[in-house]
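Chain residues, written in single-letter form:
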Amino acid sequence: MMTDFPILSLMTYLPLVGAILIFAMGGQKSGHDVGADTRAKFVAMITSLLVFGLSLVMMVDFNPHTADFQFVEKKVWFESVGISYHMGVDGISVFFVLLSAFLTPICLLASWFSVHTRVREYMIAFLLLETFMIGTFCALDAVLFYVFFEAVLIPMFIIIGVWGGARRIYSAFKFFLYTLLGSVLMLVALLTMIIQAGTADIPTLMATEFSSQMQLWLFLAFFASFAVKMPMWPVHTWLPDAHVEAPTAGSVILAGVLLKMGGYGFLRFSLPMLPEASEFFAPMIFVLSVVAIIYASLVALAQQDMKKMIAYSSVAHMGFVTLGIFTFNMQGIQGAVFQMISHGVISAALFLAIGVVYDRLHTRDLNRYGNLSKNMPLYAVVFVILMLGSVGLPATSGFVGEFLSLLGAFKVNHVIATFAATGVVLGAAYMLLLTRKLVFGPKINDDAAQMTDLSLREKIYFLPFIILVLWLGVAPAYVLDRIAPSIEQLMSHMNSKVHVRMDVGYGQPNVGGAESPQALQSPQALQAPQVPNTLNELSEPDVSPEMSSGLPKEGQAQENGAEPVGRGQDKAQDRAQGNNSRAAQTHSGPQRTHMDHKK
Amino acid sequence: MTDWNLSLISPIMPEIFLSAMALLLVMVGALKGDKSMGFVTYGVIASFVLAGGILYSVSDTRPFDTLNGMLVVNGFSNVMRGLILTGMVFSSLLSLNWLRQNNFMKFEFPLLYLFSAIGLLFMVSSNHFLALYVALELSSLSLYVLAAIKRDHLDSTEAGLKYFILGALSSGLLLFGISLIYGYTGSLNFSEVNAALVSAQMLPVGAIIGMVFILAGLVFKISAVPFHMWTPDVYQGAPTPVTAFFAIVPKIAAFALIIRLMTGPFAILNDQFIQIIIFVSVASMVVGAFAGLLQSNFKRLLAYSSIANMGFALLGLLYNVPEGVGSVILYLAIYMVMTAGVFGILMSIQRRGVALEKIEDFAGFAQYSPLLAYSLAVLLFSMSGIPPMAGFFAKFFVFQAAVGAGYFNVAVVGVLASVVAAYYYLRVIKLMIFDKPNSDMAFTPMCQFSQLIVIVASVAAVILFTFMPNQVMHQALEAAQSLFPQ
């Protein structure tokens, strides 16, 4: 492995160099300078393909057995204020980097002929967007992260506003201001944490303990930003507007990458830095997630605009992600990350698929289409595969993510999980409805019946999606293996923060069993320096026994089957081990990974 | 002073040089009349550049008091003087094109810039309330005349008159405050006032009232709420290069004075001082953000934007330590550079040789001059505090100061105001880039070399700061440290 080769910076700034190159090559100011436009297209395409190539090199070099940050680069940025230029990826972020690098060339290819005006600016905007996206997922400094996270707004605002549909201005403003409003609150939280920790370095911030009272506020501030970005109900309303009005490629990036920044933020900031507040607010997140899943699915059912339907389905799918993340168990978080990756592939491809018919008929109205399987058989096949992936049919990538996050949810709360599971059915309902009307159904319009099937260019960019949907569906281990160590470390990290408190409290007799969960539920209990129990009980009074013994026991508990005795022993053992609990976690690590492979 | 030698006045050589140049150029103008316009204008710009060079060569980090303790020159005043001279170079470069286009031949115009600059430079070094007042009035009187320089123009004369009357009121407040301070401490020297207040058994109420009046006078100069009423009218009425000058330079000097007072004579009154700052800051941010939403004239919009910006800059003062003051200096520097660039581009957005001011008229500008339009977009994104531009870091550090001092709620109000303000910047960007021209008349972008220097410098600085911030940060912090006893 080339250790000192700055591959992450290279991937981040290569698109920027491409953008500067396009800018420098110039061309005529107004009107169509076809030569310059074509040059710009090729420069953008070559740059983004190079970045994708680099991302593949990164994947090959990526060591799947460690949870440490890899390809780390650290340089002085703002000396004297503890802000550094720190880049690195772990098992969670590496796939988002790959996803960003994968989707950008496809977006450029998809808009090769459909963008006619201001082509150079379009290419520059997409390359800048790629720089900021990759930077967001690589940043290991909170300020650097924020810079990239916010900077994404600029190219996306311009993409929606210049090349968007009829209500593009409204949507662009809504997108920008909504996201900005959430983010600035996160900025205040970041500032508070930076001042307390004395540095903006993310690994150091993760190791810093913040007081429980402070965590609650910090969590809410982060939540404001990430929930908008996800988007979670009820702050999702910008998404349908932005999706509908954005050009196809804009929707692809929006659904494929930008929404994942919220989930990534939860995993990178909220959970490891604010574990107690995360557990405290988990019930709220569960409820919001379930509402999002059911409500957004029902809304999707009623849509006539195909892009809007997919947009609402994104809200529902992101509900599974937040649900999974806040289960705090291996399956749930793995499922959430996998769901994000899978959604990044499937929904991106679905937007492209809608873009294909939109390019031909220039309408997104579902009622204008019908019976496309007749004249566009190949398209019908592609669409049905993608639809099944979105529905979560086994053997597609959508299944793995939904299944794992639901599994994680069932371990925490049956009621929530049951409600969430109805979302799978509703998801099938609207996706099948869409497919029936679009691909099958009666012939409605002559012009729809005369549309040509996929061109070679379209075949080229759908092929990798189809392969990915099926490959991730049948062999999810490639991804799961690589994210497992990082999630394991995240969980043990969260528990170590909780265990520190438990160990302190354990000196007193009858802790845990004697304390009623209700008493612990008040925020006052959180403020107490010695909270004599795990916070699982605190956030979830009706939690199942294996949960209350601490999260790392998950794998073992599962292995032991369902006998209550076994669980009790586990629990007792865990308490007895006390300080050794971390060792126990590391020990249980490989077993759990093993378990996950079998699924 | 018995043994006098040159080294005693060497730190104020830039001011002395500029004064000599001012007298010389007045003579030239008086003898040769308006024909000497070109010579005087370039002479003034050259003087600013040379004064900058002199400042660089005489600047010393050690504090140095001169003219019997009237002035104290230290690291802080060196940096602020550097900023002021840079701002003067920017604003006089920006005026060149306008002078030529409007065939404006009055040699007083550049000279007023020069006189005003001398006043501003003395202001930031003053260590005595009388020096402060004299320097402030020297610059202000020049500014009043500049605002009304188009004397056959209704808007301009109205702006001049309004500025003058309100300015006179604020000077009155300032003088009243100074007299109270004198009455309660028996001195006008900053360090003696401080000593008197420190040694007082209980803080004299009169001194606190005096401080409030002095602060009111200065808050007027930085156009913060509640003394902001003049700003939109003066910005709109004054000729655009004069507005640019108003927007960048005098505010920096007045801000420097506020910082000096906070850390010098009124250090002991910090609690009371901070209360005023909190109110002024929050009110400025909120009023600047919301009132800007309704504007249709770009110069009025910039007036409200500057009101909001002053509110943001004041946030840094809540943290009365070098880091807090350093964040303010950084904010002012970045604000100055951004504003200069915005005005440079504003003056080049023209149709048939007439500069446009209504925001609606900017529609579709990107199709005629994408470079200028995107440069303005970069500057406006920077002003609204969107990373990766310098404006974000300016806001970042003042918010950090506010949070560091424990004023979370003020910081939250600030960030929310910045979101509101982002809307009006975005609106301009939207009109330029997203919309189609609202008139068949073609844009004739007009960008002279002198203007181009300012625009390129501004855009480059705003982008490059992100990549190499340390030099600037270091200067700001060092300047701030010189104000605090080690």
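Residues numbered from 1 in each chain as written. Chains lettered and ligands numbered in written order. Predicted model: local features only at pLDDT ≥ 70, side-chain atom pairs only at ≥ 80, totals over all residues. Heavy atoms only, no water.

Draft legend 1. Focus on the side chain of His86(A). Residue placement: His86(A) occurs in strand 2 (residues 83-89). Contact partners of His86(A), with chain neighbours within four places excluded, come to Val72(A), Glu73(A), Lys74(A), Cys138(A), Ala139(A), Leu140(A), Asp141(A), Leu144(A), Asp201(A) and Pro203(A). (Helix = DSSP H or I, 4+ residues; strand = E, 2+ residues; numbered from the N terminus. Contact = heavy atoms within 4.5 Å.)

Draft legend 2. Seen up close, the packing of aromatic side chains. Counted according to the given criterion, the structure contains 67 aromatic pairs over all chains. Judged by centre distance (5.4 Å) and plane angle (45°), the ring pair of Trp471(A) and Tyr478(A) falls under tilted. Judged by relative accessible area, which is 37%, Trp471(A) ranks as partly exposed. The ring of Phe149(A) carries Lys229(A) above its face, with NZ or CZ at 4.6 Å from the centroid. Cation over ring: Lys395(B) sits above Phe312(B), and NZ or CZ is 4.6 Å from the ring centre. (Phe/Tyr/Trp six-rings, centres within 6.5 Å; stacked < 30°, edge-to-face > 60°. Buried < 20%, exposed > 50% of the residue type's maximum accessible area, 1.4 Å probe, protein only. Lys NZ or Arg CZ within 6 Å of the ring centre and 35° of its normal.)

Draft legend 3. Main features of the environment of Arg368(A). All names here are of chain A. Tracing the chain through its elements places Arg368 in the loop between helix 14 (330-361) and helix 15 (372-375). Placed 77 residues apart in sequence, Arg368 and Asn445 show a C-alpha to C-alpha distance of 6.6 Å. Apart from residues lying up to four places away in sequence, Arg368 is in contact with Leu361, Thr363, Asn445, Asp447 and Ala448.

Draft legend 4. The arrangement of the packing of helix 10 (residues 238-245) of chain A against helix 11 (residues 248-273) of chain A in detail. Residues and elements named next belong to chain A. Orientation of helix 10 relative to helix 11, taken along the N-to-C sense of each, is 140°, at an axis distance of 8 Å. Taken together, helix 10 and helix 11 sit at an angle that is classed as oblique. Listed contacts from helix 11 to Trp238, Leu239, Ala242 and His243 of helix 10 are Ser251, Leu254, Ala255 and Leu259. Considered class by class, the residues forming the contact of helix 10 with helix 11 number six nonpolar, two polar and no charged. (Axes fitted to C-alpha atoms, helices over the stretch in contact; angles between N-to-C directions. Parallel < 35°, antiparallel > 145°, perpendicular 65-115°, else oblique. Nonpolar A, V, L, I, M, F, W, Y, C, P; charged D, E, K, R; others polar.)

Draft legend 5. Highlighting the interface of chain B and chain A. Contact with chain B, which involves 41 residues of that partner, is made by 39 residues of chain A. Note on chain B versus chain A: buried area summed over both sides is about 3,600 Å², and carbon and sulfur give 82% of it. When the buried area of chain B at its contact with chain A is split by residue, Phe396(B), Val419(B) and Phe434(B) rank highest and sum to 18% of it. The interface formed by chain B and chain A contains zero salt bridges. Inspection of the region where chain B meets chain A yields four residue pairs in polar contact (both at pLDDT 80 or more). Those elements that provide at least two residues to the side of chain B that touches chain A are helix 14 (365-368), helix 15 (370-383), helix 16 (390-404), helix 17 (408-434), helix 18 (449-467) and helix 19 (470-481) of chain B. A total of 15 residues in the side of chain B that touches chain A trace back to one element, the largest contributor, which is helix 17 of chain B. Of the residues contributing to the side of chain B that touches chain A, the split by class is 32 nonpolar, six polar and three charged. (Buried area = accessible area lost by both parts, 1.4 Å probe. Salt bridge = Lys/Arg side-chain N within 4 Å of Asp/Glu carboxyl O. Polar contact = N/O pair within 3.5 Å; in protein donor to acceptor, adjacent residues only side chain to side chain.)

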